[in-house]
Amino acid sequence: MNPNSSYFPAGRMRRMRADDFSRRLMAEHQLTVNDLIYPMFIIDGDNKRETIASMPGIERLTLDLLLEEARELAALGIPAIAIFPVTAADKKSLEAEEAWNPEGLAQRAVRLLKQHVPELGVITDVALDPFTTHGQDGIIDDKGYVVNDITTDALVKQALSHAAAGADIVAPSDMMDGRIGAIREALEAEGYVNTRIMAYSAKYASSYYGPFRDAVGSAGNLKGGNKKNYQMDPANSNEALREVAMDLEEGADMVMVKPGMPYLDIVRRVKDEFGVPTFAYQVSGEYAMHVAAIQNGWLAEKPVVMESLLAFKRAGADGILTYFAKKVAIWLKEKSV
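Along each chain, residue indices are assigned from 1 in the same order as the chain's sequence is written. Per-residue local features of the predicted model are confined to residues with pLDDT of at least 70, and side-chain atom pairs are confined, for both listing and counting, to 80 or more; whole-chain, interface and lining totals are unaffected and use all residues. Side-chain figures throughout are based on the complete set of non-hydrogen atoms in the structure, without hydrogens or water.

Colleague: An account of the side chain of Thr 152 is requested, with residue identities and associated values reported.
Modeller: Here Thr 152 lies in helix H4 (residues 148-165). Any two residues whose heavy atoms approach within 4.5 Å are treated as being in contact. In this structure Thr 152 touches Met 176, Asp 177, Gly 178, Arg 179 and Ala 182, once residues within four positions along its chain are discounted. Where helices and strands are cited, they refer to DSSP runs of H or I of at least four residues and of E of at least two residues respectively, numbered from the N terminus.

Written as structure tokens, this is what we have:
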């Protein structure tokens, strides 16, 4: 017989569930503010916010409003934010040159945040889709295929521009082969030895990204296309472990699984196999589904959101990118008072 179990009635599993205090004492996992990363969308201009129809409650913010929000988030104890710029159509191009413009929106945002809220970690997205006229994450050939090595060269320039602006973490989300090693080598060569890399190592060609593409303005450029020749097949699990292993070998400090809840099995496998800092992204489609059900009265907001995030922790995630981060931080603070 298993020494950790006993037969009924000596063993009554419900005994420890009978009261709140004993349920708390035996809880195996806990969600805290330290687990939260808040993704934010930024736009050019002043004192302007734009709603996102497919992501109720989430807005695009100009940098002055971003700074106000950042101060609130830091006060709530949120460790880091991830910023995603919305690029004007006239700044998009086939080669995505705006991605590494030192005066680009993301670069200016990083400098502003690190000047005024230095304690808040700033994560930048390293990918070309906000900057390309075709909406793909890289540079394409005349057949529309994303060319790996040329794209990697552009990503290195983008990552260096973010590091020069003061980004704490660069997060390549493009899924090009070898880009982590190229970025790490360039960061070391330029003296950015403490700039961390959060690799989107297992990023799937998912249908859950639609609202995000609306938010950054790349959906119209993509024109119904897909990213299956570089993002992972949702059918595959073992392949994710190979991707993670390669990124770690090349110098990633943290690895990411994206999307989140539909891929919690991947989070668990990655954490068990490698034991490294492992993150997951509760993506825009997951957020939109939750909010739609909440607004229709089908689900209760606070308990279902907290349950969804606790599931990430149970699966092995060290941190979670979630659009619910600010709300959850407020709830956790209220609970602790």
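Colleague: Can you break down the pattern of salt bridges residue by residue, with the values?
Modeller: For this analysis, a salt bridge means a side-chain nitrogen from Lys or Arg found within 4 Å of a carboxyl oxygen belonging to Asp or Glu. Under the definition given, this model contains 18 salt bridges. Close ionic contact of Asp 35 with Lys 313 constitutes a salt bridge, the shortest N to O distance being 2.9 Å. Taken together, the residues span a long stretch of sequence, with Asp 35 in the loop between helix H1 (20-25) and strand S1 (36-42) and Lys 313 in helix H11 (residues 301-315) at a distance of 278 residues. Residues Asp 35 and Lys 313 agree in their burial class; the two are buried. With a shortest N-O distance of 2.6 Å, Glu 59 and Arg 49 are connected by a salt bridge. Residue Glu 59 is found in strand S3 (residues 59-61), and its partner Arg 49 is found in strand S2 (residues 49-51); the two are separated by ten residues along the sequence. Residues joined by salt bridges that share partners form a network here, namely Asp 44, Lys 91 and Arg 108. Per-residue accessibility, obtained with a 1.4 Å probe over protein chains only, is compared with the maximum for each type, and a residue is labelled buried under 20%, exposed over 50%, and partly exposed between these values.

Colleague: Can you break down the packing of helix H3 (residues 105-116) against H4 residue by residue, with the values?
Modeller: Lines are fitted to the C-alpha atoms to define the axes, a helix being fitted only along its stretch in contact, and any angle between axes, read from their N-to-C directions, falls within 0 to 180 degrees. Between H3 and H4, the least distance of the axes is 8 Å, while the angle of their chain directions is 25°. Relative to H4, the element H3 is oriented roughly parallel. Crossing angle aside, the handedness with which H3 passes H4 is right-handed. The residues of H4 that touch H3, namely those facing Ala 106, Gln 107, Val 110 and Arg 111, are Ser 161, His 162 and Ala 165. Residue polarity follows a fixed list, in which Ala, Val, Leu, Ile, Met, Phe, Trp, Tyr, Cys and Pro are nonpolar, Asp, Glu, Lys and Arg are charged, and the others, Gly among them, are polar. Counted by class, the contact of H3 with H4 contains three nonpolar, three polar and one charged residues. Every angle not falling under 35 degrees, over 145, or within 65 to 115 is termed oblique; those three ranges are roughly parallel, roughly antiparallel and roughly perpendicular. For any pair of crossing helices, the crossing counts as left-handed if the nearer helix is rotated counterclockwise from the farther one by less than a right angle, and right-handed if it is rotated clockwise.

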